Amino acid sequence: MPKPDFWNNSKRYYDLKSYWKNLFGVPVHKLIIDAGFTCPNRDGTVARGGCTYCDGRGSALRQAGPLPGAGEQVRQGREFYIRRAQAKKFIAYFQTFTNTYAPVETLRSLYDEALAVEDVIGLSIGTRPDCVPDETLALIRSYAAKYHVWLEIGLQSIHDRTLQETNRGHNAAIFRDAVARATGAPLLLCAHVIVGLPGETRTMIMETAQAVAEMPIQGIKIHALLALAGTPIGSRCRRGEFELMGKTEYVETVCDILEILPPEMVIQRLTADGYRDIFLGPEWAANKLAVINAINAEMARRDSWQGKHCARTQPSPLSFREPPLTA
Ligand code: SF4
């Protein structure tokens, strides 16, 4: 499969910035919101303690004191990026913890607040697959009819044994069910995947990537497993019981993944880091630019690109080549 022209970029994958530029014609930026949600995997509803890699601190804003309202957070972020001329339109990103974990009316009021801010053209809502009941999906779909809306669902691994060992509190079937219920234009779905989870081989990681490639999912976020102080993974690393993935292996694995993903799938993220004061490793992950450069260099060395070896078994329900949405 040749590199697609519709990406309109010089990259070897279809990154979110290029996708938004193609769709809206102007730079679009995600504004991160901590709306004060908790997580059913931390508060005892599903489990206690959360995923074994989750620090449970919430955003830096939450650490600093009482949270400003969602609208205020968006307004402040917008002003910052408009002043620096870095963006013209914005997506309000409900990022911290589980952003569908509240009654529908509470969600409606929070999402409305964010969308009411000037130049906000859509939402990105991060959540868990066991936290999207049909009434919540109906609400989110109602926004997708008018705005540009992504629902980001944590998967991390398609392997139930891994999900159990990382205390995710759900299995792969629950993720598949959430995707099956949520899928349908114009709502866009994004899967979160972690590379380097304990006990996972390269084959297992590629099986997760292949599963995502075959589902009706339009975007993906990938990052390496991070060890943070105060988490079970962090403690295991400190005790020497578990080794985090090295940079070369991570870069090669991400390139393998990119090669089998559909070319239409939007790559929303390929790296992550943690709060500096609790970040234990891997050390290389702290330099996100270097990681991206290494991925680009490896793709160039292979003369490869996203989708080069894609063996999609079912078509994506959305064409990313269609005329831009108006939002
Ligand atoms: S689902 Fe997300 S917020 Fe909840 S415990 Fe896991 S990583 Fe933390």
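Residues numbered from 1 in each chain as written. Predicted model: local features only at pLDDT ≥ 70, side-chain atom pairs only at ≥ 80, totals over all residues.

### Observations concerning the overall build of the protein chain
Under the convention used in this document: The numbering of helices and of strands both runs from the N terminus, where a helix is a DSSP run of H or I of at least 4 residues and a strand a run of E of at least 2. Only C-alpha atoms enter the radius of gyration, while the globule expectation follows 2.2 Å times N to the 0.38, with N the number of residues. Working definition of burial: number of other C-beta atoms within 10 Å of the residue's own, with buried at 20 or more, exposed at 12 or fewer, and partly exposed in between, all C-beta atoms being placed from the backbone. The contact rule is simple: place each C-beta atom from the backbone, and if two of them lie within 7 Å, those residues are in contact.
Assigned secondary structure in the protein chain consists of eleven helices and nine strands. Taken over the C-alpha trace, the protein chain has a radius of gyration of 19 Å; the compact-globule value for 327 residues is 20 Å, and the two agree within 12%. Dimensions of the protein chain, computed from the C-alpha atoms along their principal axes, are close to 50 × 50 × 40 Å. Of all 327 residues assigned to the protein chain, the portion counted as buried reaches 43%. In the protein chain, the proportion of contacts linking residues at least 24 apart, taken out of those at least 6 apart, comes to 82%.

### Focus on the sheet that holds strand S3 (residues 120–127)
The line we're drawing: By this definition, two strands are paired if DSSP reports at least two bridges between them. Note on definitions: angles span 0 to 180 degrees between N-to-C directions of axes, and those axes are lines fitted to C-alpha atoms, for helices only across the stretch in contact.
The seven strands are arranged S1-S2-S3-S4-S5-S6-S8 in an open sheet whose pairing can be described as parallel. In this open sheet, the two strands that pair with only one neighbour each are strand S1 (28–33) and strand S8 (266–269). The mean inter-strand angle of the sheet, taken between neighbouring strand axes irrespective of direction, is 25 degrees. As judged from the six bridges shared by strand S4 (residues 148–156) and strand S5 (residues 188–195), these two strands associate in the parallel manner. Bridge pairing in S5 links Gly154 to His192. Helix-sheet contacts for helix H7 (residues 172–182) involve S4 and S5, and the interaxial angle to S4 is about 165 degrees.

### Examining the site of the ligand
How we decide: Only the C-beta atom matters for this test: placed from the backbone, it must lie within 6 Å of a molecule or strand for the residue to be near it. Polarity classes work like this: nonpolar for Ala, Val, Leu, Ile, Met, Phe, Trp, Tyr, Cys and Pro, charged for Asp, Glu, Lys and Arg, and polar for all others, with Gly in that last group.
With respect to spatial proximity, the complete set of residues near the ligand consists of Cys39, Asn41, Arg42, Gly50, Cys51, Cys54, Phe97, Thr98, Arg128 and Gly154. For the shell around the ligand, the per-class residue count stands at four nonpolar, four polar and two charged.

### Side note on the pairing of S5
So the rule is basically this: Crossover handedness is defined here as right-handed if the route from the first strand over the helix to the second strand goes clockwise, with the strands pointing away from the viewer.
Within S5, eight of the eight residues are buried, which leaves the element mostly enclosed by the surrounding structure. By the alternation rule, side chains of S5 split into Leu188, Cys190, His192 and Ile194 and Leu189, Ala191, Val193 and Val195, which are all buried. Bridge analysis of S5 against strand S6 (residues 219–224) gives six bridges, and the strand direction is parallel. Looking at the pairing, Cys190 lines up with Gly219 of S6. Handedness of the crossover joining S5 and S6 through helix H8 (residues 202–214) is recorded here as right-handed.

### Describing the nonpolar core
Defined as follows: Under the definition applied here, buried Ala, Val, Leu, Ile, Met, Phe, Trp, Tyr and Cys residues are grouped into a nonpolar core through C-beta atoms within 7 Å.
With 90 residues, the main nonpolar core has Ala92, Ala114, Leu123, Val195, Ile220, Leu225 and Val254 as its most contacted residues. Take this core: its biggest share by element is seven residues, from S5. Beyond its immediate chain neighbours, meaning those up to four positions away, Ile220 contacts Cys190, Ala191, Val193, Val212, Leu261, Met265, Ile267 and Gln268.

### As for the packing of helix H3 (residues 70–83) against helix H4 (residues 104–115)
A pair of packed helices is characterised by two quantities: the angle between their axes and the separation of those axes. Quick reminder of the rule: Under this scheme an angle from 65 to 115 degrees is roughly perpendicular, one under 35 degrees roughly parallel, and one over 145 degrees roughly antiparallel; angles in between are oblique. Rotating anticlockwise by less than a right angle from the far helix to the near helix defines a left-handed crossing, while the corresponding clockwise rotation defines a right-handed one.
Axis separation between H3 and H4 bottoms out at 8 Å; the angle between their running directions is 25 degrees. Compared by their axis directions, H3 and H4 come out roughly parallel. Along this stretch, H3 crosses H4, giving a crossing that reads as right-handed. In this structure, H3 uses Ala70, Gly71 and Val74 to contact H4, whose residues at the interface are Leu110, Glu113 and Ala114.

### Points about unusual backbone geometry
Glycine aside, residues mostly have negative phi angles, and peptide bonds mostly take the trans form. Of note, the amide linkage connecting Ala185 to Pro186 takes the cis form, showing an omega dihedral of 5 degrees. Assignment of secondary structure puts Pro186 in the loop between H7 and S5. At Asp119, a position not held by glycine, the phi torsion is positive, near 70 degrees. With respect to the helices and strands, Asp119 occurs in the loop between H4 and S3. Phi at Asn167 takes a positive value of approximately 55 degrees, unusual for a residue other than glycine. Residue classification places Asn167 among the partly exposed positions, given that 17 C-beta atoms sit within 10 Å.

### Side note on the environment of Ala272
Along the polypeptide, Ala272 turns up in the loop between S8 and strand S9 (279–281). Residue classification places Ala272 among the partly exposed residues on the basis of 16 C-beta atoms within 10 Å. What Ala272 contacts, discounting residues up to four positions off in sequence, is His223 and Leu226.

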